[in-house]
Each structure stands twice: as C-alpha cells, then as structure tokens.
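Chain by chain, the residues:
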Amino acid sequence: MAVDLLQRVGLSKYEAEAYLALLADGPDATSAWVRYRALTAARQVLPEITHARQLKLVLEGPEPGAPNPYDHSPAVLRRARSGG
C-alpha cells in the first residue's frame, strides 16, 4: 500500500521500496536498499563513467606507454606457441 502511494508521487517501485526500507529494520530492508543502489549504479552512474572514459580516449588518445588491450608478455606468447 505504501509503495503504491509513493509510486503515485513519481517514484519507481524500487525507489519506493528503498525509501520504505530506510524506515524499516531487518534483512529485507537492507536487501531493498542494496537492490536500489545497484540499479541506480547500473542505469545512471556506470554509463556516465563509461562515456567519460571513452570521450577522453577519443579526444586525448591513449596514454603514452600504456599497453594495448591485446599485448601479451613474452612468457605468455612462448607458452601459447608451445601449446601449453
């Protein structure tokens, strides 16, 4: 019932559950808050960070001396060539 009321004022289901969890106590309250924070990070924060990193790479290029994503050490190359 309270979640429905909070949804009517514009909060998502997860936001409403998270704010109600702040008033409650116990493992369910913690779980609702953790779920809300994880969704917030995945949907809002992480895409912004990824975009900023990509934009910096495009505008400034890679850092001098930084390894390429597919560079391997000589030891790894030897092991791959020997088959084991």
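Residues numbered from 1 in each chain as written. Predicted model: local features only at pLDDT ≥ 70, side-chain atom pairs only at ≥ 80, totals over all residues. Heavy atoms only, no water.

**Q** Whenever I open this one, the overall build of the protein confuses me. Can you help?
**A** Helix and strand counts for the protein stand at four helices and zero strands. In the protein, the succession of α and β elements from N to C terminus is α-α-α-α. Scored against the burial criterion, the 84 residues of the protein give a buried share of 10%. (Helix = DSSP H or I, 4+ residues; strand = E, 2+ residues; numbered from the N terminus. Buried < 20%, exposed > 50% of the residue type's maximum accessible area, 1.4 Å probe, protein only.)

**Q** Looking at this structure, I do not really get a nonpolar patch on the surface. What am I missing?
**A** There is a patch of nonpolar side chains on the surface, built from Y19, L22 and L23 and spanning about 350 Å² of accessible area. Among the structural elements, L22 can be located in helix α2 (residues 13-23). (Patch = residues over 30% accessible without salt bridge, like charges linked within 9 Å, V, L, I, M, F, W, Y side chains within 5 Å. Areas by Shrake-Rupley, 256 points an atom, 1.4 Å probe, with all protein chains shown as cover. Salt bridge = Lys/Arg side-chain N within 4 Å of Asp/Glu carboxyl O.)

**Q** What is the right way to look at the layout of surface pockets in this model?
**A** A water-sized probe rolled over the atoms picks out the places where empty space is left. Space inside the largest pocket adds up to approximately 230 Å³. Lining of the largest pocket is provided by T50, R53, Q54, K56, L57, E60, G61, P62, E63 and A66. A class-by-class count of the residues in the lining of the largest pocket yields three nonpolar, three polar and four charged. Estimates place the volume of the second largest pocket at around 160 Å³. Counting residues per element, the ones that place at least two in the lining of the second largest pocket are α2 and α3 (27-60). The element that contributes the greatest number of residues to the lining of the second largest pocket is α3, accounting for five residues. Split by residue class, the lining of the second largest pocket holds three nonpolar, three polar and two charged. (1 Å grid on protein atoms, 1.4 Å probe; cavity = no way out; pocket = protein on both sides within 12 Å on 5 of 7 lines; lining within 4 Å. Points joined across faces, edges and corners; volume = space filled by probe spheres on them. Nonpolar A, V, L, I, M, F, W, Y, C, P; charged D, E, K, R; others polar.)

**Q** Is there a simple way to think about the confidence of the model for the protein in this case?
**A** Regions with low pLDDT should not have their predicted coordinates read in detail. Mean pLDDT over the protein: 80, with 86% of residues reaching 70 or higher. Within the protein, the lowest mean pLDDT, 61, falls on helix α1 (residues 2-8), and the highest, 90, falls on helix α4 (residues 74-82). (pLDDT = per-residue confidence, 0-100.)

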